[in-house]
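# Residue-level structural notes
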Amino acid sequence: MSSAAECLPRHWLAAGRASRSLVLVVVFVALLLDNMLLTVVVPIVPTFLYTTEYEGANTSDAPVQTEPAPPALKAPPFSSMFSYFDNTTVTVSGSTSTMELVNGTESSPPSQPTTTSLPQLSGCPEGEEFLAKENVRVGLLFASKALVQLVVNPAVGLMTNRIGYHIPMFIGFVIMFLSTLMFAFSGTYTWLFIARALQGMGSSFSSVAGLGMLASVYTDDTERGNVMGIALGGLALGVLIGAPFGSLMYEFVGKSSPFLVLAFLALIDGALQLCILQPSKICPESTKGTPVFTLLRDPYILVAAGALCFSNMGVAMLEPTLPIWMMQTMCSPKWQLGMAFLPASVSYLIGTNLFGILATKMGRWLCSLIGMAVVGISLLCVPLAKNIYGLIGPNGGLGFAIGMVDSSMMPIMGYLVDLRHTSVYGNVYAIADVAFCMGFAIGPSTGGAIVRAVGFPWLMIIIGIINVAYAPLCWYLRNPPAKEEKIAILSQECPLQTRSYTSPKTLRHFPLTDDSDVEAEKAE
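Residues numbered from 1 in each chain as written. Predicted model: local features only at pLDDT ≥ 70, side-chain atom pairs only at ≥ 80, totals over all residues. Heavy atoms only, no water.

As recorded in an unreviewed UniProt entry, the protein goes by the name VMAT1 protein, listed as coming from Jacana jacana.

### Describing the overall build of the protein
Stated formally: Only DSSP runs of H or I covering at least 4 residues are called helices, and only runs of E covering at least 2 are called strands; the numbering of each starts at the N terminus. Using a 1.4 Å probe on the protein chains alone, a residue whose accessible area is under 20% of its type maximum counts as buried, one over 50% counts as exposed, and one in between counts as partly exposed. The contact criterion used throughout is that any non-hydrogen atoms of two residues lie within 4.5 Å. Every accessible area reported is derived by Shrake-Rupley at a probe size of 1.4 Å, with residue values counting cover from the shown protein chains alone.
When helices and strands are tallied, the protein shows 22 helices and 0 strands. Residues classed as buried in the protein amount to 47% of the 524 residues present. Considering only residue pairs separated by 6 or more positions, the protein has 86% of its internal contacts joining residues 24 or more positions apart. Accessible area for the protein stands at about 25,200 Å²; split by element, carbon and sulfur atoms hold 67% of it.

### Some details on the packing of aromatic side chains
Heads up, the condition is: By convention, a stacked pair of Phe, Tyr or Trp rings (six-membered ring in the case of Trp) has centres within 6.5 Å and planes under 30 degrees apart, an edge-to-face pair has planes over 60 apart, and any other such pair is tilted.
Under the criterion given, the structure shown has 9 aromatic pairs. With a centroid separation of 5.3 Å and 10° between ring planes, the pair formed by F183 and F259 is classed as stacked. Taken together, the residues span a long stretch of sequence, with F183 in helix α9 (residues 166-185) and F259 in helix α12 (residues 256-276) at a distance of 76 residues. Ring centres of F355 and F400 lie 5.5 Å apart, and the angle between their planes is 75°; on these two criteria the pair is classed as edge-to-face. Remark: F400 occurs in helix α18 (residues 392-420) and F355 occurs in helix α16 (residues 342-362); sequence separation between them is 45 residues.

### Here's the deal with the pattern of salt bridges
Note the cut-off: For salt bridges, the criterion is a side-chain nitrogen of Lys or Arg within 4 Å of an Asp or Glu carboxyl oxygen.
Counted according to the given criterion, the structure contains 2 salt bridges. Where R224 meets D418, a salt bridge forms, and the shortest distance between an N and an O atom there is 2.9 Å. Separated by 194 residues along the polypeptide, R224 in helix α11 (residues 221-252) and D418 in helix α18 bring together distant segments of the chain. Residue R224 is classed as buried on the basis of its relative accessible area, which comes to 1%. Residue D298 pairs with R420 through a salt bridge whose shortest N-O separation is 2.8 Å. Taken as a pair, D298 in the loop between α13 (292-296) and α14 (299-329) and R420 in helix α18 lie far apart in primary sequence, 122 residues in all. According to the relative accessible area criterion, D298 is buried, its value standing at 3%.

### Here's the deal with the packing of α16 against α18
Counted only if it meets this: In this analysis, axes come from line fits to C-alpha atoms, helices being fitted only over the stretch in contact, and the angle between any two N-to-C directions falls in the range 0 to 180 degrees. Left-handed describes a crossing whose near helix is turned anticlockwise from the far helix through less than a right angle; right-handed describes the clockwise counterpart. Any residue outside Ala, Val, Leu, Ile, Met, Phe, Trp, Tyr, Cys, Pro, Asp, Glu, Lys and Arg is labelled polar, Gly included; the first ten of those are nonpolar and the last four are charged.
Viewed as axis vectors pointing N to C, α16 and α18 meet at an angle of 30°, and their least axial separation amounts to 7 Å. The handedness of the crossing between α16 and α18 is right-handed. Contact residues: α16 offers P343, A344, S347, Y348, I350, G351, T352, L354, F355, G356 and A359, while α18 offers I392, N395, G396, G399, F400, I402, G403, M404, D406, S407 and S408. Class assignment of the residues belonging to the contact of α16 with α18 gives a composition of 11 nonpolar, 10 polar and 1 charged.

### A word on the packing of α9 against helix α10 (residues 189-217)
The test is simple: Oblique is the label for every angle not falling under 35 degrees (roughly parallel), over 145 degrees (roughly antiparallel), or within 65 to 115 degrees (roughly perpendicular).
Where α9 meets α10, the axes come as close as 8 Å, and the angle between the chain directions of the two elements is 155°. Regarding the angle of α9 to α10, the classification is roughly antiparallel. Seen from above, α9 lies across α10 with left-handed handedness. Across the contact of α9 with α10, the residue classes tally to 18 nonpolar, 8 polar and 1 charged.

### A word on the side chain of T180
Position of T180 among the secondary structure elements: in helix α9. If we skip the residues at most four places from it in the chain, T180 touches L37, F259, L262 and A263.

### Considerations on the nonpolar core
For clarity, the threshold we go by: Residues belong to a common nonpolar core when they are buried Ala, Val, Leu, Ile, Met, Phe, Trp, Tyr or Cys residues joined through side-chain atoms within 4.5 Å.
Counting residues in hydrophobic clusters, the biggest one holds 112 residues, and the most contacted among them are L214, L318, L322, M326, M413 and Y429. Here M413 is in contact with I301, A304, A305, L308, V428, Y429 and A432, once residues within four sequence places are set aside. Residues V152, V156, I175 and V208 belong to the second largest nonpolar core, which totals 6 residues.

### Quick notes on the side chain of D418
Our working definition: Any pair of N or O atoms that falls within 3.5 Å is considered a polar contact. Within protein, one atom must be able to donate a hydrogen and the other to accept it, and sequence-neighbouring residues count only if both atoms are side-chain atoms.
Assessed through its relative accessible area of 17%, D418 is described here as buried. In this structure the side chain of D418 is engaged in a polar contact, spanning 2.9 Å, whose partner is the side chain of R224.

### Description of helix α19 (residues 426-454)
Threshold: Multiply 1.5 Å by the residue count of a helix minus one, and that product is the helix's expected span. The angle separating two fitted axes, one through the seven residues that finish at a residue and one through the seven that start at it, defines the bend at that residue.
Relative to the 42 Å expected for 29 residues at 1.5 Å per residue, α19 spans 41 Å between its end C-alpha atoms, a close match to the ideal helical length. Along α19, the sharpest kink reaches roughly 30°, centred on G447. G455 sits one or two residues past α19 and shows a positive phi near 105°.

### Regarding the environment of R478
In this structure, R478 sits in the loop between α20 (456-470) and α21 (484-493). Linking R478 and L366, residues 112 residues apart in sequence, is a C-alpha distance of 7.6 Å.

### Focus on a nonpolar patch on the surface
Spelled out, the test is: A patch consists of residues exposed above 30% relative accessible area that lack any salt bridge, with like charges linked at up to 9 Å and nonpolar side chains (Val, Leu, Ile, Met, Phe, Trp, Tyr) linked at up to 5 Å.
A surface patch of nonpolar side chains, amounting to about 440 Å² of accessible area, comprises V346, I350, L354, L358, M362 and I370. Top contributing element to the nonpolar patch by residue count: α16, with 5 residues. As for its position among the elements, I350 is in helix α16. I350 gets classed as partly exposed once you look at its relative accessible area, which sits at 47%.

### Details of the environment of Y250
Turning to its location among the elements, Y250 is positioned in helix α11. When its relative accessible area of 12% is taken as the criterion, Y250 is described as buried. For the pair Y250 and V40, spaced 210 residues apart in sequence, the C-alpha to C-alpha distance is 9.7 Å. With sequence-adjacent residues up to four places away left out, Y250 is seen in contact with I44, T47, F48, T51, K255 and K334.

### Brief notes about the environment of V451
Mapping V451 onto the fold places it in helix α19. Setting aside chain neighbours within four positions, we find V451 in contact with N135, T321, F456 and L459.

### Digging into the confidence of the model for the protein
The predicted coordinates of low-pLDDT regions are not to be read in fine detail. For the record, the criterion: Looking at any residue, its pLDDT shows the predictor's confidence there, from 0 to 100.
Here the protein averages 75 in pLDDT, and 72% of its residues register 70 or above. Segment residues 62-122: pLDDT under 50, and 17 contacts once partners within four positions in sequence are set aside and those in other chains are kept. Counted against residues more than four places away or in other chains, residues 488-512, with its pLDDT under 50, gives 7 contacts.

Shown next as structure tokens:
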């Protein structure tokens, strides 16, 4: 009995390692945690820096400003006169705004505390100049992740061609775990910047290896499109949970709490990878993949990569600038800064899962074209919002449209490699991730500077027009041609079923009967 009980877990592990569905689960969880960490910092970093740097500097100067207030209370002639003439008003004289005249004809002193307390009642943060500078600093911090990922992606693509996808996937988990812990215990801008850059390195390993692994396991184009939609659903779910989860935990528990929860979940993902992927096993590709520079000269791959870049650049520009704009114009509390991204996250989750299936029926090129147009229109509507409820429509449309583009372009990348190059997917998904990261690198780094120069509404107008103008280029992906050598390979794998190549009439036996024509038609 004991030997049989020991064999059961081994049998389950063997079945799990052979299951394509569990590979999808591993990639789903990895993308989920990566994008939760990506967005959980969005509502935390601006308010954390404002609290520690601006308010911390002002509280250190507070004793110098509050020292003149006590002399206002030390007015023995007036207080004695006030209590001498009318003892019933002694309780009022305890306040800082004591009436200096007994008859109460002069009302100017009570007006002073109301003017000094107005900023506290409004709830708007002070320090307009500090917030303007913070746009640039927060934008650079957010962009550091994508910049590092941009540099590391090509090397990860080459690594997956040589040693397989399993080891890079596990390396990504280790780096992400260290980055999450660094976020939890960082207290300065410099350490937050380093943690964000380290996250970019881990994200590069996880995303390139994960998407390449899925493309190599699911070879059918329709099935691959559905699976990519599910995997991007993990990305969408991470974006969905990250910002609201971060704002609520930061408001009611503390800065370190959301990152410690993510670190615990990352440990579970690492255990899952150890059991299913066997990261110590080297599995190089059997055929040599197409070089990255050859893929970058393919105009159809560049069009698809551009769609990924510009559609995601819009939300990348919103991440550092929208919370600060809400603090300035809407006087929003901390918890609303993350909840503002909730409509975009929910609609992105719906869009990726819905159009992972529908895009193959309506045409992926058409799906991405409509998606980019809707992205542009949604961005143009963002500055029209007067409160957090006015952001529901634009952000919801933005997330849904980006889901349309991502769920269409990711399968197209694998399809273009199958159609025009060698069917090895590490390099092409490195390019796809580079395009994604370019959007998240250029967006935050330039968005803060543009907001400081011309304002937040003009930033939305610029990136919205760019998306609308780029949308017609997706038409070129409608029917991309195959290379000549790929046509020969595809014709051997999927022979054309044309009647000119067959002669079913020669299979008929003599003597002919009356039912022979019917049998011949059935044979055709």
